[in-house]
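So you can see what is in the structure, the chains are spelled out below.
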Amino acid sequence: RVTDATLAPRPETETLVEAALAAVAARGARERPLRLADLGTGSGAILLALLRALPQARGIGIDISAAAIAVARDNAARLALAARAVFAVGDFTAPLAGGYDLVVSNPPYVETRRIPALPPEVREHEPRHALDGGPDGLAFYRRLAADAARIVAPDGHVAVEIGAGQVEAVTAIFAAWGWEPAGPAKADLAGIPRALVVRRR
């Protein structure tokens, strides 16, 4: 379920979930009691999809919008995942302590100046704070990269959705903080690199 307070999940975000699950599988950790965090959780779609696929995992979803958090909690209950999912209002990484095995995010990544040119169904109906990634679209990747070492377990991963043409810039942002790609960025159905998973270098 989505409302005006949440970004409507799109097929591109399935690519992020697939990439995150592949990183967990590569560690042989799908049946382990993992700790997950979803930043900018919105409807909870990413976190709840991961919890459904990882039966021993527990997770927290963070969003700056209290209305979005209410939707995510309702979705967790509808999917019988409320016992393994906690949702909290907060500003990106700020509410989190350390030790997460997997941190995922579909952050705002549209350049501010490009928002007026988005299709009407996006521009007029999606929450602006879920779209606006700052002047170059990369503001939230910088915030996450700068704080990742504090919140991610030593052998953990960060998985992010990225916009078209952003893979090199986002890779460089994480590299500056000591993170490297766990593999090539995963492309969406249109062939656009859409999900990047990084680990400590």
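Computed from a prediction, not measured in an experiment: that's the story for all the values here.

Describing the overall build of the protein
Assigned secondary structure in the protein consists of 6 helices and 8 strands. Of the regular secondary structure in the protein, the N- to C-terminal order runs α-β-α-β-α-β-β-α-α-β-α-β-β-β. Over its C-alpha atoms the protein spans a radius of gyration of 16 Å, differing by no more than 12% from the 17 Å that the globule rule assigns to 201 residues. Its C-alpha atoms give the protein principal-axis dimensions of about 45 × 40 × 30 Å. Relative to its 201 residues, the protein shows a buried fraction of 49%. Of all intrachain contacts in the protein linking residues separated by at least 6 positions in sequence, the fraction that spans at least 24 positions is 69%. Per element, the accessible surface of the protein, about 9100 Å² overall, is 57% carbon and sulfur. Between the mean site of the 23 positive side-chain charges and the mean site of the 22 negative ones, the protein shows a separation of 5 Å.

Describing the pattern of salt bridges
Counting across every chain of the model gives 15 salt bridges. Of the charged contacts, one joins Asp74 and Arg1 as a salt bridge, the two residues approaching to 3.0 Å between their closest N and O atoms. Residue Asp74 is found in helix α3 (residues 66-78), and its partner Arg1 is found in the segment before α1 (11-26); the two are separated by 73 residues along the sequence. By relative accessible area, Asp74 is classed as partly exposed at 26%. Judged by its relative accessible area of 47%, Arg1 falls in the partly exposed class. Measuring nitrogen to oxygen at the nearest pair gives 4.0 Å for the salt bridge that ties Arg27 to Asp101. Taken together, the residues Arg27 in the loop between α1 and β1 (35-39) and Asp101 in strand β4 (residues 100-105) connect sequence positions 74 residues apart. Members of the salt-bridge network, linked through shared partners, are Arg27, Arg32, Asp101 and Asp155.

What counts, and where the lines are drawn
- Residues numbered from 1 in each chain as written.
- Predicted model: local features only at pLDDT ≥ 70, side-chain atom pairs only at ≥ 80, totals over all residues.
- Heavy atoms only, no water.
- Helix = DSSP H or I, 4+ residues; strand = E, 2+ residues; numbered from the N terminus.
- Rg over C-alpha atoms; globule rule 2.2 N^0.38 Å.
- Buried < 20%, exposed > 50% of the residue type's maximum accessible area, 1.4 Å probe, protein only.
- Contact = heavy atoms within 4.5 Å.
- Areas by Shrake-Rupley, 256 points an atom, 1.4 Å probe, with all protein chains shown as cover.
- Lys, Arg positive; Asp, Glu negative; His and termini not counted.
- Charge placed at Lys NZ, Arg CZ, Asp CG, Glu CD.
- Salt bridge = Lys/Arg side-chain N within 4 Å of Asp/Glu carboxyl O.

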